[in-house]
Amino acid sequence: MLVLLPPSEGKAEGGKGRPLDLETLSLPGLTQARETVLEELVALCRADEEKAREVLGLSEGLRGEVAKNAGLPTAPARPAGEIYTGVLYDALGLATLDAAAKRRAARSLLVFSALWGAVGIKDRIPSYRLSGGVKLPGTGALGRFWRGPLESVLPEAAGGGLVLDLRSSAYAAMWKPKGDLARRTATVRVLQSRLVDGVEKRSVVSHFNKATKGRIVRSLLEAGAAPKTPAELAGTLRELGYVVEGAENGDGPKATALDVVVTEL
């Protein structure tokens, strides 16, 4: 099973580790594309702070992120699983998994990134700021830029197993599974169920969505689950205590959409 995760906007600092080495990252077929984006981002942030802040969509309070990007080539790096923070990653709790679950996480989790394309959680990267919706002056829209490079490496990385796609829309635009791989892909939408005047109301709430997705991944890793189809995934999640609805036969030309219904955080 391959699990596709979004990055977090906020990131932990790199600490005192060795600097980035692109040659050591997972999916080496992305190295050239990573170099292209990294070089342009660093050059932009070193040349003109105001223009960089405008291009990156940063508020005045985030001005320091420009200087951080300017120093990326020599900045300390640490495992991506420690760099990415926020609601999803707090709920996933990589650091508190047992040894077996950590090994499964290292094999199965890929974090999508506007800067790196996609990285494994043990890949050592520096803290950076670059969102999936950014359009760099030279490279252009990053969602479009990454489609070709990712298409060249991800089908092989997925192999013949299930793909659990938990990415947000900006990062889902970077790569879409096709053909048989699409039929082996499941997406998850989290819905909050509430009673309003005795009538059930359902809505998508960002915090519920992110936290529940983190818990789902943690549950699958801890259980050692290895579903091979979206239908098997739905069954596994029900066994793990989740309320799952949606088209589960996985025999159409597109990814199978599953709804996970929650009542409280």
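Everything discussed here concerns the structure shown above.
The notes below deal with the structure included here. Just so it is clear, the model here is predicted, and its values are computed rather than measured.

A word on the packing of aromatic side chains. Going through the model one piece at a time under the given rule, you end up with 4 aromatic pairs. With a centroid separation of 5.9 Å and an interplanar angle of 25°, the aromatic rings of Y84 and Y89 are classed as stacked. Assigned by exposure class, Y84 and Y89 land together as buried. When the ring of F145 is compared with that of W146, the centres are 5.3 Å apart and the planes differ by 80°; the resulting orientation is edge-to-face.

The next thing to look at is the nonpolar core. Residues L5, L109, W116 and L130 are the most contacted members of the largest nonpolar core, which totals 79 residues. For this core, the element with the highest residue contribution is helix 1 (residues 31-47), accounting for 7 residues. In contact with L5, not counting residues within four places along its chain, are L88, Y89, L92, L109, L110, V111, F112, L166, R167 and V217.

Another aspect to go through is a negative patch on the surface. Negative charge collects at one region of the surface, where D21, E23, E35 and E39 lie side by side. When you line up the elements, E23 lands in the loop between strand 1 (2-5) and helix 1.

The next subject is unusual backbone geometry. The backbone of L27 sits at a positive phi, close to 55°, despite the residue not being glycine. Structurally, L27 can be placed in the loop between strand 1 and helix 1. Using a relative accessible area of 15% as the deciding quantity, one classes L27 as buried.

Among the residues of helix 6 (residues 99-108), A101, A105 and S108 are the ones counted as buried. When helix 6 is viewed along its axis, its buried side chains cluster within an angular range of 85° and face the same direction. Residues of helix 6 that are exposed and angled more than 90 degrees away from the buried face: R103 and R107. Structurally, the start of helix 6 carries an N-cap: the backbone nitrogen of A100 is 3.2 Å from a side-chain oxygen of D98.

This next bit is on helix 11 (residues 206-223). Given a rise of 1.5 Å per residue, 18 residues ought to cover 26 Å, and the 26 Å separating the end C-alpha atoms of helix 11 matches this to within 8%. Within helix 11, burial applies to F208, N209, A211, T212, K213, G214, I216, V217, R218, S219, L220 and L221. Positive phi shows up at G224, right after helix 11, with a value of about 65°.

Okay, the pattern of salt bridges next. Under the definition given, this model contains 16 salt bridges. Of the charged contacts, one joins R184 and D180 as a salt bridge, the two residues approaching to 2.9 Å between their closest N and O atoms. A relative accessible area of 45% means that D180 is categorised as partly exposed. A salt bridge links E245 to R202; the shortest N-O distance between them is 2.7 Å. Here E245 is found in strand 11 (residues 243-246), whereas its partner R202 is found in strand 10 (residues 199-203), with 43 residues between them in sequence. Judged by its relative accessible area of 37%, R202 falls in the partly exposed class.

Now for the environment of E82. The residue E82 is located in helix 4 (residues 80-83) in this model. The exposure class assigned to E82 is partly exposed, which follows from its relative accessible area of 40%. Along the chain, E82 and K11 lie 71 residues apart, while their C-alpha atoms are 8.5 Å from each other. Side-chain polar atoms of E82 contact the side chain of R78, separated by 3.1 Å.

Attention now goes to the pairing of strand 9 (residues 185-196). Direction of pairing for strand 8 (residues 163-165) relative to strand 9: parallel, over a ladder of 3 bridges. The residue bridging V163 from the neighbouring strand is T185, located in strand 9. Relative to strand 10, strand 9 runs antiparallel, the two being bridged by 5 bridges. Paired with S193 across the bridge in strand 10 is R202. Two successive antiparallel strands, strand 9 and strand 10, enclose a turn made up of 2 residues, where D197 displays a positive phi of approximately 55°.

Turning our eyes to something else, we now look at the environment of A114. Relative to the helices and strands, A114 resides in the loop between strand 3 (109-113) and strand 4 (117-120). A114 gets classed as buried once you look at its relative accessible area, which sits at 0%. Measuring from C-alpha to C-alpha, the distance between A114 and S131 comes to 5.9 Å, with 17 residues separating the pair along the chain. In contact with A114, other than residues within four places in its own chain, are V37, L130, S131, G132, L142, W146 and Y171.

Cut-offs and rules
- Residues numbered from 1 in each chain as written.
- Predicted model: local features only at pLDDT ≥ 70, side-chain atom pairs only at ≥ 80, totals over all residues.
- Heavy atoms only, no water.
- Phe/Tyr/Trp six-rings, centres within 6.5 Å; stacked < 30°, edge-to-face > 60°.
- Buried < 20%, exposed > 50% of the residue type's maximum accessible area, 1.4 Å probe, protein only.
- Core = buried A, V, L, I, M, F, W, Y, C linked by side-chain atoms within 4.5 Å.
- Helix = DSSP H or I, 4+ residues; strand = E, 2+ residues; numbered from the N terminus.
- Contact = heavy atoms within 4.5 Å.
- Patch = residues over 30% accessible without salt bridge, like charges linked within 9 Å, V, L, I, M, F, W, Y side chains within 5 Å.
- Areas by Shrake-Rupley, 256 points an atom, 1.4 Å probe, with all protein chains shown as cover.
- Salt bridge = Lys/Arg side-chain N within 4 Å of Asp/Glu carboxyl O.
- Lys, Arg positive; Asp, Glu negative; His and termini not counted.
- Charge placed at Lys NZ, Arg CZ, Asp CG, Glu CD.
- Arc of directions from axis to C-beta.
- Polar contact = N/O pair within 3.5 Å; in protein donor to acceptor, adjacent residues only side chain to side chain.
- Expected span 1.5 Å × (residues − 1).
- Pairing = 2+ DSSP bridges.

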